[in-house]
Structures are given as structure tokens and as C-alpha cells.
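Each chain, letter by letter, is given below.
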Amino acid sequence: MRVGLALEGGAMRGLYTAGVLDMFLENNIKVDVIVGVSAGVLFGANYMSNQKGRAIRYNKRFIKDKRYMGFWSLLRTGNIVNKDFAYYDVPFNLDIFDEETFEKSNCEFYATVTNVETGKPEYFKVNNVFKEMELLRATSAMPIVSKMVEWQGKKYLDGGISDSIPIDKCKKLKCDKIIVVLTRPADYKKKKSNNVISNLMYRKYPNLVNTINNRYLEYNNTLEKIFDLENKKEIFVLRPSKDLHIKRIEKDAQKLQDIYDLGKNDCINNIKKLKEYLK
């Protein structure tokens, strides 16, 4: 049996996922394939490196550090999440990522990115986080507040623009069972956004503009598909049991802890059902 894990993004809402995955580690829940998006990739990597608690630890430690993320970084570097500090100083020196354990995990790990020329999602297998850190930057490069990230001669932005919940990719990777971790509660529906700024900013990339403008439709269609597959017991879904109204760039450390704890508790409350699904 081949088990897949699809991880939604959502910036700091992704700490819900971190809480869920830390409980996976505690309960020895194993998967064979992970396809993540944005924060799902950033925090999902810690599951593969077996570093329980790392995501909540370094985020609480640095969230109010102006070098980490925020408008100071945006004004100074063009990226709301500081490239050098968040992606290099933290994992390489300040809260070291366990690359060796990551590589020994025997789990395939894919990062979802959006090609700005085509407006379509692409999926890159990450073999070495340290050597392929730019892929992690690309999957989480939020539009408008991030520069495009170049990888292998092409430009990319946040994977959530084109494939927010990559269950179809898990199916294409021949997963027999799929666990989906969402970062929005069950009653959430994405609303149509005013995309005037992005339409102007990315006017040279009409396919990207079209994808951004239709994102709410694609997202809601994916949710309908997830509800259907969940009702048929073909997939297993973990989602927030309540909405904590956390900001994408949240500076309140207690709110970060709260959403992380919610992920832990929701997973614990569903762990028996999850294990039955995986039998």
C-alpha cells in the first residue's frame, strides 16, 4: 500500500499542519509520498527530518524579529519573508534542519510551484533541502509581496496560486490512500478577490493573471471534490475544527501556539479513525 499526504499552504495557518504532523511522529504514522504547497512544504519537511516541535519553536522565537518577515523586510528586500534570514540563516545556523534524517526518510517529497509563464502548477521532487532551498522559496513566494524565484531557468511563484490542495498529484503518483491536511475549517469557501494590483503587476504574464483571477473557483471546486472523496471514504481529511482567524503574517506568538495546538488536538481526536483508514 502506498500512502500519500497532501498538505495545503496558508502561510502561518500552516502551523496547524505542523501540529498535526508532530502528532503523526508521536503516533508513528508513516507515509510514502508528500505533496506540499507553500507552508505545507516548509513545515512538512520537519516531519521527514523527524524534528518534532521545530516549526513552532523557530516561528515563536523569530516572529517579532524584523529580520525574519514583515513589512520591514518587504521594503528592504522586496520579499515579505526575508530570503537570507528565514531560508538560510535559520535552517543552516540558528535552528538547524536535520538534512541527514530528511534524506534517510524513504519518503518522496514534492514542492508545488506556479510557473508564471504558463500559470500552471509544476511539482519538483526535493532530494536535498539545503541544496534546493530555492524550491522551498518558490513554493511559498506569495504574489505581490514576493519576488519571483528562478529555478532551472524559469520563474515561479507560490504553488497555492495554481494548485492549493494537490490531491490530484497524489493520485498521479499512484497513492492508494491519501491523507489531506487542510488549514481552513469545513465551512470555508474562498470568495472572489479584487485582483486589481496583481492584474497590473503581472500584466506581462497573462496566463498567470488568468490563474489568479480564477483561483477562487478552482479552490472551491477542489473542496467539493475533497468532500465527495471523503464521504466515499477514499481519502482521509484533517481540517481545523474551528477558525482561529490567524493572519497570513501573524506576529502574535500566542496565536501561533494556539493554531499549532489546535492541529495537535484535532489529530489526537481523529488518530483512531486515521489508523483504521490506513489498515
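Attention in this report is confined to the structure presented alongside it.

Conventions used here
Residues numbered from 1 in each chain as written. Predicted model: local features only at pLDDT ≥ 70, side-chain atom pairs only at ≥ 80, totals over all residues. Heavy atoms only, no water. Core = buried A, V, L, I, M, F, W, Y, C linked by side-chain atoms within 4.5 Å. Buried < 20%, exposed > 50% of the residue type's maximum accessible area, 1.4 Å probe, protein only. Helix = DSSP H or I, 4+ residues; strand = E, 2+ residues; numbered from the N terminus. Contact = heavy atoms within 4.5 Å. Salt bridge = Lys/Arg side-chain N within 4 Å of Asp/Glu carboxyl O. Disulfide = S-S within 2.5 Å. Expected span 1.5 Å × (residues − 1). Patch = residues over 30% accessible without salt bridge, like charges linked within 9 Å, V, L, I, M, F, W, Y side chains within 5 Å. Areas by Shrake-Rupley, 256 points an atom, 1.4 Å probe, with all protein chains shown as cover. Pairing = 2+ DSSP bridges. Right-handed = clockwise from strand over helix to strand, strands pointing away.

Another aspect to go through is the nonpolar core. Leu5, Leu15, Phe24 and Ile34 are the most contacted members of the largest nonpolar core, which has 75 residues in total. The element best represented in this core is helix 12 (residues 253–278), accounting for nine residues. Once residues within four sequence positions are removed from consideration, isoleucine 34 is found in contact with Leu5, Leu7, Tyr47, Met48, Cys107, Glu108, Phe109 and Tyr110. Membership of the second largest hydrophobic core comes to 19 residues, among which are Cys175, Val180, Leu182 and Ile235.

Here the focus is the pattern of salt bridges. In this structure the tally under the stated criterion is eleven salt bridges. The salt bridge partner of aspartate 95 is arginine 57, with a shortest N-O separation of 2.8 Å. Of the two residues, aspartate 95 sits in the loop between helix 5 (83–94) and helix 6 (99–103) while arginine 57 sits in helix 3 (residues 54–62), which places them 38 residues apart along the sequence. Under the relative-accessibility criterion, aspartate 95 is labelled buried at 7%. Between glutamate 230 and arginine 239 there is a salt bridge, and its shortest N-O distance comes to 3.1 Å. A network of salt bridges, in which partner residues are shared, links Arg54, Arg57 and Asp95.

If you walk through the whole model with that rule in mind, you get zero disulfides. Cysteine 175 provides the cysteine sulfur closest to cysteine 107, a residue in no disulfide bond, and the two sulfurs are 9.2 Å apart. With no disulfide of its own, cysteine 170 lies closest to cysteine 175 among cysteine sulfurs, the gap being 4.9 Å. Overall, the relative accessible area of 0% leaves cysteine 170 in the buried class.

Looking at the secondary structure, you find glycine 159 in the loop between strand 6 (154–158) and helix 8 (167–172). For the pair formed by glycine 159 and threonine 114, sequence separation is 45 residues and the distance between their alpha carbons is 4.8 Å. If sequence neighbours within four positions are ignored, glycine 159 has contacts with Val37, Thr112, Val113, Thr114, Ala138, Thr139 and Ser164.

Our next topic: helix 1 (residues 14–26). Compared with an ideal rise of 1.5 Å per residue, which puts 13 residues at 18 Å, helix 1 spans 19 Å between its outermost C-alpha atoms and is within 8% of the ideal. The element helix 1 is extensively covered by neighbouring structure, given that eleven of its 13 residues are classed as buried. Every buried residue of helix 1 is listed here: Gly14, Leu15, Tyr16, Thr17, Ala18, Gly19, Val20, Leu21, Asp22, Met23 and Phe24. Against the buried residues of helix 1 lie strand 1 (3–7), helix 2 (39–48), helix 3, strand 7 (177–181), strand 8 (235–238) and helix 12. After helix 1 finishes, the residue asparagine 28 shows a positive phi value of roughly 55 degrees.

What follows covers a nonpolar patch on the surface. The grouping of Ile144, Ile197 and Met201 at the surface amounts to a nonpolar patch, some 270 Å² of accessible area in total. Note on placement: isoleucine 197 falls in helix 9 (residues 196–201).

The element helix 2 is largely enclosed, with a buried count of nine among its ten residues. Listed in full, the buried residues belonging to helix 2 are Ala39, Gly40, Val41, Phe43, Gly44, Ala45, Asn46, Tyr47 and Met48. Phi turns positive one or two residues past the end of helix 2, at asparagine 50, with a value near 60 degrees.

This part takes up the pairing of strand 2 (residues 33–37). Counting buried positions along strand 2 yields five of five residues, so the element is predominantly enclosed. A two-sided burial pattern is seen for strand 2, the buried positions comprising Val33, Val35 and Val37 on one face and Ile34 and Gly36 on the other. Pairing of strand 1 with strand 2, which is carried by four bridges, proceeds in the parallel orientation. Looking at the pairing, alanine 6 lines up with valine 35 of strand 2. Crossover strand 1 to strand 2 through helix 1 is right-handed. With five bridges connecting them, strand 2 and strand 3 (residues 108–115) associate as parallel partners. Among the inter-strand pairings, valine 35 is bridged to a residue of strand 3, identified as tyrosine 110.

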